[in-house]
Amino acid sequence: VLKQKANRSHEPLPACQTHPRKQHPPKAGNSHEVPAVNGNVGKAKPRNERDGGSAKDSPALAKPTPTRVATEKNVNGTKSGGKGSKEKKKSGNILQEKGDVKHKRRKDEEPAEQQPKEPEIWFDDVDPKDIEAAIGPEAAKIARKNLGLEPDRHKKSVEQALVKEKASEGLTRAVAMDCEMVGVGPKGEDSIVARVSIVNQFGKCVYDKYVKPTEEVTDYRTAVSGIRPENINTGEDFKTVQKEVADILKGRILVGHALRNDLKVLFLDHPQKKIRDTQRYKPFRQRVKTGRPSLKLLCERLLDVQVQTSEHCSIQDAQAAMRLYTLEKKKWEAAVKNKSNDKNSK
């Protein structure tokens, strides 16, 4: 019996009774042997070898590249862990270039150095032309500025807004008129004409004359009218001006602001259907919300232009009235035509 037991101990067990030992995963760098499915032991191929690469180039358990290095970028936008790192080795100045860029930005943001102040010109009662001949144009410019002879930029911009450049200077179908007046009688309460200005549809002046007073002037109203004794004492005779103006206005559309006053001092009349008064135009009154808007208010609100800031100028006032008219010309003329048709239908 003992002998049989000994013989049995050397016999292999059936396949179903095989109890393989507990397997442990092989450590990296150690044996690559793994148990086969059929119980045979074989060598496992390296992972990289199966993928077509080599285990030497990319070990199975290689340490991962740090995230900081992978995402870091240099100035040119390339990753420092990739090709950009070669550029860094070649130039060695990338960090320095960053500093230069920041320095350049700060330099651009710094305020520019203040311009040197204009030298003071101490000449009194010296013609700027003589200064220009002796010293130069810059000194002459400063002298003109100090003497108040430099062109007024504001006036130039107003003229550009009211007058159409390179336009006809002749008479047009519509003209605008404005008059300056002086006071006569006790306390200068009554008015007579002192200057008449007429412009065409493009704002070009076609008529401008001072008028010799027909009565003794008691108030020149210079602060408003801009009229001085020397202007009208040598002016044109009233009857001549009256006839010339009447000839110009005949058959034309007359534009102006508060035209009733201008026609009154000229002792002239004009057909009502041909008058375009910017003070009485209803859409203008509605926009500025006043029943009797001034020319200054209309220009400021509708044209974004300032007129009559000091002494009035009849040419500029006529230009302003004409510009307001041309701003609404199509609507205005259509309204006049419709009104005329309504009257005829009745």
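Residues numbered from 1 in each chain as written. Predicted model: local features only at pLDDT ≥ 70, side-chain atom pairs only at ≥ 80, totals over all residues. Heavy atoms only, no water.

1. Concerning the overall build of the protein
If you tally the helices and strands in the protein, you get 16 helices and eight strands. With 346 residues in all, the protein has 28% of them scored as buried. A fraction of 53% describes how many contacts in the protein between residues 6 or more apart in sequence connect residues 24 or more apart. (Helix = DSSP H or I, 4+ residues; strand = E, 2+ residues; numbered from the N terminus. Buried < 20%, exposed > 50% of the residue type's maximum accessible area, 1.4 Å probe, protein only. Contact = heavy atoms within 4.5 Å.)

2. Let's talk about the side chain of T172
Tracing the chain through its elements places T172 in the loop between α8 (153-162) and β3 (174-184). By relative accessible area, which is 14% here, T172 ends up buried. In terms of polar contacts, T172 uses its side chain to reach the backbone carbonyl oxygen of A174, at 2.6 Å. (Polar contact = N/O pair within 3.5 Å; in protein donor to acceptor, adjacent residues only side chain to side chain.)

3. Points about the packing of aromatic side chains
All chains considered together, the criterion is met by five aromatic pairs. Relative to F267, the ring of F238 has its centre 6.1 Å away and its plane inclined at 90 degrees; by these criteria the two rings are edge-to-face. Separated by 29 residues along the polypeptide, F238 in helix α11 (residues 238-249) and F267 in the loop between α12 (259-266) and β8 (275-277) bring together distant segments of the chain. F238 sits in the buried class, given a relative accessible area of 12%. Looking at F267, the relative accessible area reads 65%, which means it is exposed. (Phe/Tyr/Trp six-rings, centres within 6.5 Å; stacked < 30°, edge-to-face > 60°.)

4. Concerning the environment of Y281
Relative to the assigned elements, Y281 resides in the loop between β8 and α13 (282-288). Note: C-alpha distance between Y281 and R292 (11 residues apart in sequence) is 9.7 Å. In contact with Y281, not counting residues within four places along its chain, are E328, K331 and W332.

5. Things to note about the packing of helix α14 (residues 295-303) against helix α15 (residues 314-327)
Two elements in contact, α14 and α15, have axes separated by 11 Å at closest approach and are oriented at 45 degrees. Relative to α15, the element α14 lies oblique. Taken as a pair, α14 and α15 cross one another with a handedness that is left-handed. Seen from α14, the contacting residues are L295, L298, C299, L302 and L303; seen from α15, they are D317, A320, A321, R323, L324 and L327. For the contact of α14 with α15, the class distribution of residues is nine nonpolar, no polar and two charged. (Axes fitted to C-alpha atoms, helices over the stretch in contact; angles between N-to-C directions. Parallel < 35°, antiparallel > 145°, perpendicular 65-115°, else oblique. Left-handed = near helix turned anticlockwise from the far one by under 90°. Nonpolar A, V, L, I, M, F, W, Y, C, P; charged D, E, K, R; others polar.)

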